[in-house]
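An overview of the molecular structure
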Amino acid sequence: MAKPPAPLEIPPPAADSTLAQRFTLDPFHILQLSPSATARELDLAGAHLIAALERGTPGAGRYDTPFGPRARDPDLVDFAADELANHERRIVHEIWARLAVRTTPVAPLAAPPPWTGGERALGWRRR
Amino acid sequence: MTETFVVLGCVALCLGVGVSPLPSITTLAPTGPRARGIRRAEQQFAAAVLMLATCALMSLWLVGKQGEPWWPLACLLLLATPLVHPWLVVKWLLVPLGAVRLATVVARRAGHPWFRDPVGGSVLSGALASLRRRRHDPETARWLRARLAEDQLGGAGIVALGLIAADSGDRDTATKLLGTLDEIEPDICPDIARMIALDWLVADAARRGAWHELVDRVSDDPFPTPTTRFVGMCARRMLAEEIPRRSLVWAWLCAPRRVATAGLLLACLRAPRPIARVLEDDELGALPANEGRDPVTRAMALHAEAAAWPVTVPVPAPMIERLALAWDLAFNDFGLRAEVRERVDALAVKAPGELVVARMQRAVARDIALLLCLAGRDSERISASVGVLRRARELQFDDASAQILAACSTLAKRRRSDAAAAIDVWTEWVTLRRSYVDAVLPLSLSERATLYEMFEEEVRTTAAWLWNARRERGLAHAMCLFLLAEAERVHDRDAAAYYRHNVVVGL
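Below or above, wherever it landed, is the structure these notes cover.

Cut-off values and rules
Sequence order as written defines the numbering, with residues in each chain counted from 1. Whichever chain is written first becomes A and whichever ligand is written first becomes 1, with later ones labelled in order. Only residues with pLDDT of at least 70 get local features here, since the model is predicted, and only at 80 or more are side-chain atom pairs given and counted; chain-wide, interface and lining totals rely on the full set of residues. Side-chain descriptors were evaluated using all non-hydrogen atoms of the structure, hydrogens and water having been removed beforehand. Residues belong to a common nonpolar core when they are buried Ala, Val, Leu, Ile, Met, Phe, Trp, Tyr or Cys residues joined through side-chain atoms within 4.5 Å. Buried means the residue's accessible area, taken with a 1.4 Å probe over protein chains only, is under 20% of the maximum for its type, while exposed means over 50%, and partly exposed covers the values in between. In this entry, domain limits derive from an automatic or database-based domain assignment. When a carboxyl oxygen of Asp or Glu lies within 4 Å of a side-chain nitrogen of Lys or Arg, that pair is called a salt bridge. To qualify as a helix, a DSSP run of H or I must reach at least 4 residues; to qualify as a strand, a run of E must reach at least 2; elements of each kind are numbered from the N terminus. Working rule for helices: expected span equals 1.5 Å times residues minus one. When checking whether two residues touch, look at their non-hydrogen atoms; a contact exists if any pair is within 4.5 Å. Note on aromatic contacts: the rings of Phe and Tyr and the six-membered ring of Trp form a pair at centre separations within 6.5 Å, being stacked when their planes are under 30 degrees apart, edge-to-face when over 60 apart, and tilted otherwise. Lysine NZ or arginine CZ positioned within 6 Å of the ring centre and within 35 degrees of the ring normal marks a charge as sitting over the ring.

**Here's the deal with the nonpolar core**
- Judged by nonpolar contacts, the single largest core of 110 residues is most densely connected at Leu124(B), Leu163(B), Trp426(B), Trp429(B) and Phe455(B).
- Residues from two domains meet in this core; each of domain 2 (87–269) and domain 4 (396–505) of chain B gives at least three.
- By size, the runner-up hydrophobic cluster in this structure holds 47 residues, among which are Trp96(A), Met300(B), Met319(B) and Phe331(B).

Here it is in structure tokens:
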């Protein structure tokens, strides 16, 4: 019987490039709220997510972004809540949050793979 | 008879050297680096002739009565050759064994191939041996750097500095140092040092998967080694260029380390054939950026596309132009402005809606400025300078100015410190040089001229300090050469004349 495929590791948004973080660190995506959410909904969502992360609730450790799923932690939730507490920044985030999220991992654009063993193969290092 | 012919040949060589004309002092300064290099080469040549004649005479004396067999001469030559040409021992024995100090000491006596920079060559031999060790030893690295202070710094010394930095894990400094050999005068830079530098840069670029950078480096080099030729062809094939398999296999056969590099060859042979592009870059840039959809969503979709671009591949200029055009349409959209004003009122934000849009525009411009940096040389193709693209260029110019001023300040501080060593000042200079070269790529000529004015005075002072206070004429000459090229590029005639004079004075 074939073994089930290993679950894909969800990358943290900190691993994304600066440009990609504009989408993967959007507070509305982190809190999984729509841009029209009220202040009360924001507070409730933040508290609920932190409690879920402390309990280890399945699914609480990930959220969907336009670049696919990303890993979520309590610090990220706090960051998102702080960002949305500032109304001027919230308006900007509302605009950026328009781009639809993707629930499945997004494969990076195909780039030629690096030659990881190149230095050793060319005799530049032994370690 | 063999020995007799060898002795006669040595005598003929000596006579030939004796009657050959000497170079004129009008074209060759007797105390200059070229003359010193020629003297070192002549000394080693004389030692080789003397060794050959001595071996032949000893062979005659020892076994001459037994019919002059050839093998005693061969044995004597085998023993004596490493004494006259110790580089063979360093290259084939001491470097592979990782014997850093012994390799440095023996290479100091080596002569060929380090005539033009003997001290730098010996330290470079030590650095090569250090790279072969299983662990980095900071004490050995300090010892190697201290050896460099024994004489003026030449091309081999700079390569040694770069490899010592690479050995300690500081790849960024290593890349900067090894990439500055173009301005080093050939009289103080042995060819083998240039080859070693290019080999390391190529291996590093391949390790990172920066195949575009690798192709640029190899194509700029007029005399690639078999290794760089093979890896360069692999890089071009990786980038979907039409490289025949036969040529690739032949380059692999001509290069050393065939077993170790077979994996790269197979990966390149398996690489898919180039895909015919549906849209060329120019056609892509000419496409309308709105496509009839919501302009903000369209701009953000293009923004996401650019953000997902692999970091090892330069961002195409048409993609940036198209993104900037889409954002211009989005920011000029009355719908967006009205929507922001409405939200500002609803959330009772003090700042007016126009200011919120302006701040968002600034954030987008900063992202586009970052993309311009990632585009590298391709960014020179972007001629448009309106709307958000213009704002991006302004931001990039501000950042570049701040960066260059900070680097100039660091260079000045380093120079003014009491125990300022030439190698430390040179390391700061290559950092400043790299910042400048990266910063000016996407700038217009007038902006480039402004940046040049900002950093020229500090670099000129540093070059003068190296020349007068440290007698590092080679380094000062290299800096003047860089300043001359830049002065000509920004059409600064006075500065160009000044640096042309300095460069013509030579070393």
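Right, picking up where we left off after that structure.
**Quick word on the pattern of salt bridges**
- In total, this model carries 34 salt bridges over all chains according to the counting rule given.
- For Arg98(A), the salt bridge identified is with Asp294(B), shortest N-O distance 3.3 Å. Of this pair, Arg98(A) sits in the loop between helix H5 (87–96) and helix H6 (118–121) while Asp294(B) is found in the loop between helix H15 (281–286) and helix H16 (295–307), placing the two residues in two different chains.
- Using a relative accessible area of 27% as the deciding quantity, one classes Arg98(A) as partly exposed.
- What makes Asp294(B) partly exposed here is its relative accessible area of 33%.

**With respect to helix H14 (residues 258–270) of chain B**
Residue and element names in this part refer to chain B.
- With 13 residues, H14 should cover 18 Å at 1.5 Å per step; its first-to-last C-alpha distance of 17 Å lies within 8% of that length.
- For H14, the full list of buried residues reads Thr261, Leu264, Leu265, Cys268 and Leu269.
- Taken together, the buried residues of H14 touch helix H11 (211–220), helix H12 (226–238) and helix H13 (245–254).

**Describing the environment of Pro186(B)**
Residue and element names in this part refer to chain B.
- Along the chain, the position of Pro186 falls in the loop between helix H9 (171–178) and helix H10 (191–208).
- Looking at Pro186, the relative accessible area reads 45%, which means it is partly exposed.
- Sequence separation between Pro186 and Arg116 is 70 residues; the distance between their C-alpha atoms is 8.3 Å.
- Residue contacts for Pro186: discarding those within four places in its chain leaves Arg116 and Arg194.

**Things to note about unusual backbone geometry**
All names here are of chain B.
- Here the residue pair His112 and Pro113 is connected by a cis peptide bond, since its omega of 5° sits within 30 degrees of zero.
- Summarising the element assignment, Pro113 is placed in the loop between helix H5 (100–108) and helix H6 (118–131).
- We note that Ala348 has phi near 55°; this positive angle belongs to a residue other than glycine.
- Mapped onto the elements of the fold, Ala348 is located in the loop between helix H18 (334–346) and helix H19 (353–375).
- A positive phi angle, near 55°, is found at Arg471, a position not held by glycine.
- Topologically, Arg471 is positioned in the loop between helix H22 (445–468) and helix H23 (473–489).

**Overview of the packing of aromatic side chains**
- Taken as a whole and assessed by the stated rule, the structure comprises 11 aromatic pairs over all chains.
- Taking 5.5 Å as the distance between ring centres and 85° as the angle between the ring planes, the aromatic pair formed by Phe23(A) and Trp96(A) counts as edge-to-face. Of this pair, Phe23(A) sits in helix H1 (residues 18–24) while Trp96(A) is found in helix H5, placing the two residues 73 residues apart along the sequence. By the burial criterion, Phe23(A) is buried, and Trp96(A) matches it.
- Seen from the ring of Trp143(B), Arg101(B) lies directly overhead, with NZ or CZ sitting 4.8 Å from the centre.

**Some details on the side chain of His85(B)**
Residues and elements named next belong to chain B.
- Checked against the element boundaries, His85 lands in the loop between helix H3 (71–84) and helix H4 (87–97).
- We classify His85 as buried; its relative accessible area is 19%.
- Apart from the residues within four sequence positions on either side, His85 is in contact with Gln44 and His112.

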